[in-house]
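Architecture at a glance
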Amino acid sequence: MSAPIQANDATPKTLTEVYRPVTRRTFLKGTAAAMAGMAGLVAALKPLLALARGELTLDTLLQKHYRELTPPELERILKSLEAKCKKEYGVRPTIRAPQPLEGVQFAYALNLGRCVGCRKCAHACLKENNQSRDSADDIEMSYIRVLELEKGEINLETSTPYYNPEQVPQPGKYYMPVQCHQCRESPCTKVCPVQATWQELDGVITVDYNWCIGCRYCMAACPYDARRFNYHKPKLTPEAINRNQSYLSNRIRPKGVVEKCTFCLHRTREGKYPACLEVCPTGARVFGNLLDPDSEINYILKNKRVYILKEDVGTHPRFYYFFEK
Amino acid sequence: MTLLSLLVLVGVNAYARQFVYGLETTGLTNQVSWGAYIANFTFLVGVAAAAVMLVIPAYIYKKEFMHEVVMFGELMAIAVILMCLLFVTVDLGHPERFHHMIPPFGIFNWPGSILSWDVIVLNGYLLLNLHISGYLLYCRYRQRQPTKRFYIPFVFISIAWAVSIHTVTAFLYVGLAGRSYWHHPLVPSRFLASAFVAGPALMILTFQVIRRLTRYWIGDEPIFTLRMIMTVAMIINMFLLGCEIFTEFYAPTVHAAAARYLYFGLHGHHGLVPWIWTAMALDFLGLALLITPLSRRIAGLNVACAACFVGIWIEKGMGLIVPGFVPTPLGQVVEYLPSLNETLVCLGIWAFGALVYSWMLHVAVPIMNGSLRADPEKPAALHVAGSAAQPH
């Protein structure tokens, strides 16, 4: 261990190497290399020329978090978003920012005995919430995934959302739609590094699409596969766009941000039902205010056989599944 | 250097495309939302942490011969952390919004979000290594004794800090109760064990390159000390792997679906099966070489290092990140393969790390062997031989 180590010392040779003077030749070589490097860098960055004007502005960079915006700032932002949508999609929407109602805690229940797996809810969700879609049949970005399971099975690994028989319901199967459960102990809001997603007073978990940095940690954290990411700028034809929009829910998202079901807060905070419930042909869905003792949702929770998906993960969701008897 | 620069430019070009069109240029989907970028990030945090395996023998066990190489480990940690930060940045949907994380303008979700902890520990580790290596190189350049209290406390902090960077990175995954493949205590344990194999492996190979290409001789003792560390860490790593495999496969549970997908395929999808078994083969080859006298010869040791490095890279990347997403929490199996653009960005970042490391060595080696110093006229006041006369 104590054998002499080869000396790492300065020698005349190394000194000459380090301190060799700059000659005309080395200067020219260096300059040529630097210029080649710069040219290469400029060439490499060429794709940036395609960046749409107005996509990256000082205004958007300096915009504060939604919860810190003053009312006039919010107004200004809503107007500029409306103008942006007109410019990018050819349709001018109305974007509002409805506040949570007093004395309201939303909850949702789904009657597994009645769901027939028609997926009308998944399609209605897309029409209502302006998610990106390649065609009318493309339901990948819908906030609702309807799973087909064998009767008697609860193991989700045996489920499929891609069932496509002639008719539903198929014999021996049952159907379970899954969307954001707006969990009381949500893993998604816990892991977001910038608090771009949070739970509002009425229980809905929202995303500020102008604050989200697109790290997708919330997607990794969600136990219900409820969140979607805009891997590209949303593709929407003008006819497909729903013009009644709100800042925190169904306005058209920019690319690179996460989105999810908001219990259609632009509807439910104004006394309407979520789009999925309205369209359900069998009445399998129940939505309402937990703080209202006479609400249908409270009746269900008190009187029906109710259970929670993945209860062992400890999320305490606001979404319940039940059977009639 | 030219080749590396070219690769970096190719990576920059690929990233520019991604910045404009969005992450659709990658192979990622809603179902598998983290892939090659985060996989490389995770693996490289481990390599960065392994600089501690040079510091401990040098400063705690006072092995004088390690002092000649600690600097190379610290400089490697700097280059590797820069790569980690780049990998995270290219993974973001909106990298220009990173200021949303920095108070007072931004909101920093600490202590709730483990990602916020990771930001702190990774940047802290970068600063620690920049300070220690910068200070010591500067003192050497100025031909003066470094003042102990300006670097010794930081060296000891960096030992604990190195362990923390990889533990916190592991906790990113472990905390997610919805993904049972990640939600167990062996994840951080294997992270550290495999990091202390992969890091020294890279260093052993790098030291031989330094021997050959620079005027700085690295003796055999540091290399074989690293071999010993690697061997112990690899034995622990493989033992923990055995524990993992037993737990996942002894009883047929639903939790083990991801492990089944990884090792045997699930419902007709076996994209990762060849990868993981290659990794297993490389790991066992590396282990066999390390625990036998075959690795006492430098050729055998080099094969062991390369095998372990690649095997662990596969395991931490494709073997850890992707199976966490397969099947999805709702049971869907969607496979993932990085796209060409994604691969080019990764290559660009790896090339950038190698380039940064070479640049640092181009300055550090002449300083360390005394050729580059503040006053070249004066003869060398500090003798490097044996490093006994010169602390670190």
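Source: prediction; values computed, not measured. (Residues numbered from 1 in each chain as written. Chains lettered and ligands numbered in written order. Predicted model: local features only at pLDDT ≥ 70, side-chain atom pairs only at ≥ 80, totals over all residues.)

Quick word on the overall build of chain A
Across its full length, chain A holds ten helices and twelve strands. The C-alpha atoms of chain A give a radius of gyration of 28 Å, which is well past the 20 Å a tight globule of 325 residues would have. Projected onto the principal axes, the alpha-carbon positions of chain A cover approximately 95 × 60 × 45 Å. The proportion of buried residues among the 325 residues of chain A is 42%. Contacts in chain A between residues at least 24 apart in sequence constitute 64% of all its contacts with a sequence separation of at least 6. (Helix = DSSP H or I, 4+ residues; strand = E, 2+ residues; numbered from the N terminus. Rg over C-alpha atoms; globule rule 2.2 N^0.38 Å. Buried ≥ 20, exposed ≤ 12 C-beta atoms within 10 Å, placed from the backbone. Contact = placed C-beta atoms within 7 Å.)

With respect to the pairing of strand β10 (residues 285-289) of chain A
Residue and element names in this part refer to chain A. For β10, the tally of buried residues reaches five of five residues, placing the bulk of the element in the interior. Examined bridge by bridge, strand β2 (residues 106-111) and β10 share five bridges and lie antiparallel to one another. Of the residues in β10, the one forming a bridge with Leu 110 is Arg 285. (Pairing = 2+ DSSP bridges.)

What about the environment of Arg 114 of chain A?
All names here are of chain A. Within the fold, Arg 114 resides in the loop between β2 and α5 (120-129). Residues Arg 114 and Asn 298, 184 residues apart in the sequence, show an inter-C-alpha distance of 19 Å. When neighbours within four sequence positions are excluded, Arg 114 is seen to be in contact with Thr 282, Gly 283 and Ala 284.

Description of the sheet that holds β10 of chain A
Residue and element names in this part refer to chain A. Spatial strand order, β10-β2-β12-β11: four strands in an open sheet with mixed pairing. The strands lining the two open edges of the sheet, one partner per strand, are β10 and β11 (305-307). Across the sheet, the axes of successive neighbouring strands diverge by a mean angle of 30°, strand direction being ignored. Of the strands in this sheet, β2, β10, β11 and β12 (319-323) touch helix α10 (residues 296-303), which is tilted by about 110° from β10. (Axes fitted to C-alpha atoms, helices over the stretch in contact; angles between N-to-C directions.)

Points about the confidence of the model for chain B
Residues and elements named next belong to chain B. A residue-level look at chain B finds 96% of positions with pLDDT of 70 or above and a mean pLDDT of 92. For chain B, the element scoring lowest by mean pLDDT is helix α3 (residues 52-60), at 91; helix α10 (residues 273-291) scores highest, at 97. Predicted complex, confidence summary: ipTM 0.92, pTM 0.93. (pLDDT = per-residue confidence, 0-100.)

Some details on the nonpolar core
Residues and elements named next belong to chain B. Membership of the largest hydrophobic core comes to 198 residues, with the highest contact counts inside it found for Leu 44, Ala 48, Val 80, Cys 84, Phe 87 and Cys 308. Sort the elements by how many residues they give to this core and helix α4 (residues 67-91) lands first, with 17 residues. In contact with Phe 87, not counting residues within four places along its chain, are Tyr 37, Asn 40, Phe 41, Leu 44 and Ile 349. (Core = buried A, V, L, I, M, F, W, Y, C linked by C-beta atoms within 7 Å.)

Structural notes on the environment of Gln 18 of chain B
All names here are of chain B. Within the secondary structure, Gln 18 sits in helix α1 (residues 2-21). Taking the C-alpha atoms as reference, Gln 18 lies 41 Å from Arg 227; in sequence the two are 209 residues apart. Filtering out sequence-adjacent residues up to four positions away, Gln 18 remains in contact with Leu 23, Thr 25, Asn 341 and Val 345.

A closer look at the interface of chain A and chain B
Across the boundary between the two partners, chain A contributes 66 residues, which contact 61 residues of chain B. Where the side of chain A that touches chain B is concerned, the elements lending two or more residues are α1 (12-18), α2 (24-44), β3 (145-150), α6 (187-191), α7 (217-221) and β7 (228-229) of chain A. Counted by class, the side of chain A that touches chain B contains 41 nonpolar, 15 polar and ten charged residues. (Nonpolar A, V, L, I, M, F, W, Y, C, P; charged D, E, K, R; others polar.)

A look at the pairing of β3 of chain A
If a strand is regular, its side chains alternate between the two faces of the sheet. Residues and elements named next belong to chain A. Counted residue by residue, β3 has five buried out of six residues, so it is predominantly covered. Across six bridges, the pairing between β3 and strand β4 (residues 173-178) is antiparallel. Residue Leu 147 lies in a different strand from β4, and its bridge partner there is Met 176.

Brief notes about the packing of helix α6 (residues 148-174) of chain B against helix α7 (residues 186-213) of chain B
All names here are of chain B. As a packed pair, α6 and α7 sit with axes 9 Å apart at the nearest point and diverge in direction by 140°. If you check the angle between α6 and α7, you find them oblique. In the packing of α6 onto α7, the handedness of the crossing is right-handed. In contact with Val 163, His 166, Thr 167, Ala 170, Phe 171, Tyr 173 and Val 174 of α6, α7 contributes Val 187, Pro 188, Phe 191, Leu 192 and Ala 195. Among the residues making up the contact of α6 with α7, the classes are represented as ten nonpolar, two polar and no charged. (Parallel < 35°, antiparallel > 145°, perpendicular 65-115°, else oblique. Left-handed = near helix turned anticlockwise from the far one by under 90°.)

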